[in-house]
Amino acid sequence: MKAIIYCRVSTKKDSQETSLDRQEEELLDLARRKKYHAEAVFKDQASGYDLDRPGMLELLDLVKSEEIEAVLITDETRIGRGNAKIALLHCLFKEGVKVYSMADDGELRLSESDSMVLNIVSMVEEYQRKIHNLKIKRGMKRAVEKGFRPEKNLKNRGNPAGRDRKELPVQEIIRLRKNDLTFEEIAATLRGFGHNVSKATVHRRYKEFIESQSFASQDEPAE
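**Some details on the overall build of the chain**
- When helices and strands are tallied, the chain shows 8 helices and 5 strands.
- Taken from N to C terminus, the helices and strands of the chain fall in the order β-α-β-α-β-α-α-β-β-α-α-α-α.
- A buried classification covers 34% of the 223 residues belonging to the chain.
- Looking at the chain alone, contacts between residues at least 24 apart form 66% of all its contacts between residues at least 6 apart.
- A total accessible area of about 14,000 Å² is found for the chain, and carbon and sulfur atoms account for 51% of it.

**Section: the pairing of strand E2 (residues 37-45)**
- When strand E1 (residues 2-9) meets E2, the two strands line up parallel, connected through 8 bridges. Counted as the bridge partner of Lys2 is His37 from E2.
- What joins E1 to E2 is helix H1 (residues 16-33), and the crossover it makes is right-handed.

**Re the sheet that holds E1**
- Strand order across the open sheet formed by 5 strands is E2-E1-E3-E4-E5, with mixed pairing between neighbours. Two strands lie at the open edges of the sheet, namely E2 and strand E5 (106-107), each paired on one side alone.
- As defined by bridge partners, strand E3 (residues 70-73) adjoins strand E4 (residues 98-101) across 4 bridges and the pair is classed as parallel. Note that in E4 the partner of Ala70 across the bridge is Lys98.
- Docked against the sheet, H1 engages E1, E2, E3 and E4, running at close to 155° with respect to E1.

**Re the layout of surface pockets**
- Put simply, the second largest pocket is a space of about 150 Å³.
- Lining the second largest pocket, in full, are Glu125, Gln128, Arg129, His132, Asn133, Thr182, Phe183, Glu184, Glu185 and Lys199.
- When residues of the lining of the second largest pocket are traced back to their parent elements, those giving at least two are helix H5 (112-145) and helix H7 (183-192).
- Here the lining of the second largest pocket takes 5 residues from H5, the largest share from any one element.

**Comments concerning the nonpolar core**
- If you look at the biggest cluster of nonpolar residues, it comprises 21 residues, and the most contacted ones within it are Ile4, Leu59, Val71 and Leu92.
- Within the residue set of this core, elements represented by two or more residues are E1, E2, helix H2 (54-65), E3 and helix H4 (82-94).
- A total of 5 residues in this core trace back to one element, the largest contributor, which is H2.
- Excluding anything up to four places from it in sequence, Leu59 contacts Ile4, Tyr6, Phe42, Val71 and Leu92.

**Considerations on unusual backbone geometry**
- The backbone phi angle of Asp105 is positive, close to 50°, even though this residue is not glycine.
- Mapped onto the fold, Asp105 is located in the loop between E4 and E5.
- For Asp180, which is not glycine, the phi torsion reads 70° and is therefore positive.
- One can find Asp180 in the loop between helix H6 (170-178) and H7.

**Section: the packing of aromatic side chains**
- Summed over the entire model, instances satisfying the criterion amount to 2 aromatic pairs.
- Of note, Lys130 hangs over the ring of Tyr127, and the distance from its end group to the ring centre comes to 5.3 Å.
- Over the ring of Tyr206 we find Arg177; its NZ or CZ atom is 5.9 Å from the centre of that ring.

Conventions and cut-offs
- By convention here, each chain's residues receive numbers from 1 onward along its written sequence.
- In keeping with the predicted nature of the model, local features appear solely for residues at pLDDT of at least 70, side-chain atom pairs appear and are counted solely at 80 or more, and the whole-chain, interface and lining totals rest on all residues.
- The basis for the side-chain values is all heavy atoms of the structure; hydrogens and waters are excluded.
- Strands are runs of DSSP state E lasting at least two residues, helices are runs of H or I lasting at least four, and both sets are numbered from the N terminus onward.
- In this scheme, a residue with accessible area under 20% of its type's maximum is buried, one over 50% is exposed, and one in between is partly exposed, where area comes from a 1.4 Å probe on protein chains only.
- Any two residues having at least one pair of non-hydrogen atoms within 4.5 Å are treated as being in contact.
- To be clear on the numbers: accessible area is Shrake-Rupley with a 1.4 Å probe, and residue cover counts the displayed protein chains and nothing else.
- Think of it this way: DSSP has to see at least two bridges between two strands before they count as a pair.
- Whether a crossover is right-handed comes down to one check: with the strands pointing away from the viewer, does the path from the first strand over the helix to the second run clockwise; if it does, it is right-handed.
- All axes here are fitted lines through C-alpha atoms, helices being fitted over the stretch that makes contact, and every angle between N-to-C directions spans 0 to 180 degrees.
- Lining residues are those with an atom within 4 Å of a point, where the points come from a 1 Å grid over the protein atoms alone and group into cavities, where a 1.4 Å probe fits but cannot get out, or pockets, open sets with protein on both sides within 12 Å along at least five of seven lines.
- Grid points are joined across faces, edges and corners, and a volume is the space filled by probe spheres set on the points.
- Each nonpolar core is a collection of buried residues, namely Ala, Val, Leu, Ile, Met, Phe, Trp, Tyr and Cys, held together in the definition by side-chain atoms within 4.5 Å.
- Here is the rule: rings of Phe, Tyr and Trp (six-membered ring for Trp) pair when centre to centre is within 6.5 Å. Planes less than 30 degrees apart are stacked, more than 60 are edge-to-face, and the remainder are tilted.
- Two conditions define a charge located above a ring, namely a distance within 6 Å from the ring centre to NZ of Lys or CZ of Arg, and an angle within 35 degrees of the ring normal.

Following this line, the structure appears as structure tokens:
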């Protein structure tokens, strides 16, 4: 099982580097005890209220690109403080990543108030996504009613002047979707890997894959 170790101190004083080294040593021991392979170690010397931390941003990139199962910290304040802590925990939990804390000797135990805020944030985000998808669906329905045929807008679908169909890593789209990423987040991730793709295209390829799997299962002969 893959894990990331994250260490943070609040200032850039040279004396704080000893604390970072101690955190790393203790967390490597925690990883061994919990049977995790430490895939990477990230360190920051920055305020917990600050989101612009090189180590944390690299950590979030790695979590999106690799199958990381856990982030190991000494205590919850290492992730951050105040709103920054809530925002970063939300990003990690949305990726399906567990957070292990030495202070809890296991999975991070959030306060009742922090848990409530995270639940509210997730709920609002889900409804925003639903509203956005409904608006896209409504707009597409109106366009089709007025004669628009999206399937004819590709060169290999009968329109020589149309666009080329983009080559995309469909399996990666499926994996990210299973990790509860939105189609907008998946599109942003793929753009980070050099694929010039929109959220609508990602959504369309995902639906095509799901529909093809459904048809394939229907075509299988009954035993």
